[in-house]
Structure formats: C-alpha cells, structure tokens
Amino acid sequence: MMEHFYTLQGEGFHQGKAAYFIRLGGCDVGCVWCDVKDSWDAEKHPRIEVGGLMSEVEKTPAQIVVITGGEPLMYDLTELTRQLRSAGYKTHLETSGAYPLTGTWDWICLSPKKFKAPLSEILPKANELKVIIFNKSDFAWAEDYRSQVSQDCKLYLQPEWDKAAQMTPLIIDYIKAHPNWELSLQIHKYINVP
C-alpha cells in the first residue's frame, strides 16, 4: 500500500465529502500525465494487513472509504471490502477498469485510459464515468465510453491538471453543447489537501 489518509474527496460526484483514502501501490496503465507516478512500482510499497488498516480507518469519523491507486484492481479486494462494509463503511472504487472487478462496492468511478482499455464487463457497472481531457481528441473518446456505460451513470469531463488552463474552456463549451456531461475539477489541489 502506498498511503492512506482522511481528507475530502476532490473529484467527481462525491466531491467535497469527507472520505478515508486507501491508495494501493502498483499500476501498469502508464498514463504520461499521472499525478501519482510513485504508485506505479508495487515493490516500493509495504503490504499491510487488512486488520491493521481497519484500525487506522476506525480512528476517524469517516463514513466513506475510497480505494484508489495506482490501479487497485490489480489486487483481489474482496476481503478488504467485506471488512469495510461489515464495519458500516461505504466502499468507493476509483479504477481504470483494466483488471477484473473484485470486491463489493457502493460506488464505482471508472476513469478509462487510452494506454490500457477497460474491460467490457466493468463498463455497465460504473456509477460514474470520469474522463480526463488532455487534448481535443479526448471528447470523441469520452463519447465512445459514454455509449458503453449504463444510462444512470454520472458523466464527468475533467481537465488534466497541467493543461487545465487550455482544456477547461474547451470542456465548458463542450458541456454547454452536450449537457449530459458535467465538469469535474480537482478541488483538493485548489484547497491544498491530499
């Protein structure tokens, strides 16, 4: 595991809500603009027993636990989510969808990446589709995935952080023309929380 901490969810549908984040180390998706490249090498991060992690979560008033990465689905998340849900926590997943779905989830945020496509079985299970907009061609790519998720899935376009000044105006215009999408901003970076 790379890190764990209690903070505010900074992106997407649950933006602004308090949540305990568990960031698992290991990712082979390889996004050039990844803001947690330190997570890529799983060997750099220690393994922690689920029980020890649960005791850390229980020290906070968290109601939501977000499992993120790296790419968390590189691991079997069945036991972790079982214990979290048994203790009354809502379980949220942030994934590229590149690996088979394990665990039991209250919310699945799917953020597909061009470098390693999501598995088709995950697409209809997504509660939220969050597409990172790095260049203009990403809008058509986002629409391709919109057509593959359920009709109830929340749809978000999020500017890549380093290109936000360029991409945000384009996203605003796109959403005005395609109002089924919403804007997601990384508010945790604006308010300086992890």
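Here, every reference points to the structure presented above.
Right, let's walk through the structure included here. Throughout, residues of each chain are indexed from 1 in the direction in which the sequence is written. Note on the predicted model: pLDDT of at least 70 is required for a residue's local features to be given, and 80 or more for side-chain atom pairs to be given and counted; whole-chain, interface and lining totals, by contrast, use all residues. Side-chain numbers come from the whole structure's heavy atoms, not from hydrogens or water.

### Here's the deal with the nonpolar core
The cut-off we apply is this: Remark: nonpolar core denotes a set of buried residues (Ala, Val, Leu, Ile, Met, Phe, Trp, Tyr, Cys) joined through side-chain atoms within 4.5 Å. Summary of the burial criterion: residues with accessible area below 20% of their type's maximum are buried, those above 50% are exposed, and those between are partly exposed, where the area comes from a 1.4 Å probe applied to protein chains only. We call two residues in contact when some of their heavy atoms are within 4.5 Å.
Counting 41 residues, the largest nonpolar core has Ile67, Leu129, Leu157 and Trp181 as the members making the most contacts within it. Leucine 157 has contacts with Val131, Ile133, Phe139, Ala142, Ile171, Tyr174, Ile175, Trp181, Glu182, Leu183 and Ser184, leaving out every residue within four places of it along the chain. Counting residues in each nonpolar core, the second largest holds five residues, with Phe5, Ala19, Phe21 and Ile64 among its members.

### Concerning the packing of aromatic side chains
So the rule is basically this: Aromatic rings from Phe, Tyr and Trp, taking only the six-membered ring of Trp, are treated as a pair when their centres fall within 6.5 Å; an angle between ring planes under 30 degrees marks them as stacked, one over 60 as edge-to-face, and anything in between as tilted. Helix and strand labels come from DSSP, where a helix needs a run of H or I of at least four residues and a strand needs a run of E of at least two; each type is numbered from the N terminus.
Scanning all chains against the criterion turns up four aromatic pairs. When the ring of phenylalanine 5 is compared with that of phenylalanine 21, the centres are 5.7 Å apart and the planes differ by 5°; the resulting orientation is stacked. Of the two residues, phenylalanine 5 is situated in strand E1 (residues 3-8) and phenylalanine 21 in strand E2 (residues 18-23); the sequence distance between them amounts to 16 residues. Here phenylalanine 5 and phenylalanine 21 have matching classes, each one buried. Look at phenylalanine 139 and tyrosine 174: their rings are 4.5 Å apart centre to centre, the planes differ by 20°, and that puts the pair in the stacked class. With phenylalanine 139 in helix H3 (residues 138-146) and tyrosine 174 in helix H4 (residues 164-177), the pair connects residues that are 35 residues apart, well separated along the chain.

### Regarding unusual backbone geometry
Negative phi is the rule for most residues except glycine; trans is the rule for most peptide bonds. Look at the link from glycine 69 to glycine 70: it is a cis peptide, with omega at 25°. Mapping glycine 70 onto the fold places it in the loop between strand E3 (64-68) and helix H2 (78-86).

### So, the pairing of strand E7 (residues 154-159)
In summary, the side chains of a regular strand alternate between the two faces of the sheet. Heads up, the rule is: We treat two strands as partners when DSSP finds at least two bridges between them. Here the term right-handed applies to a crossover when the path leading from its first strand over the helix to its second strand runs clockwise, the strands being oriented away from the viewer.
Taking burial as the measure, the six residues of E7 include five buried ones, the bulk of the element. Across six bridges, strand E6 (residues 128-133) lies against E7 in parallel orientation. Each residue of the ladder has a partner; that of isoleucine 133, found in E7, is proline 159. Inspection of the sheet shows E7 paired to strand E8 (residues 182-183) by two bridges, in the parallel sense. Looking at the pairing, leucine 157 lines up with leucine 183 of E8. In terms of handedness, the path from E7 via H4 over to E8 forms a crossover that is right-handed.

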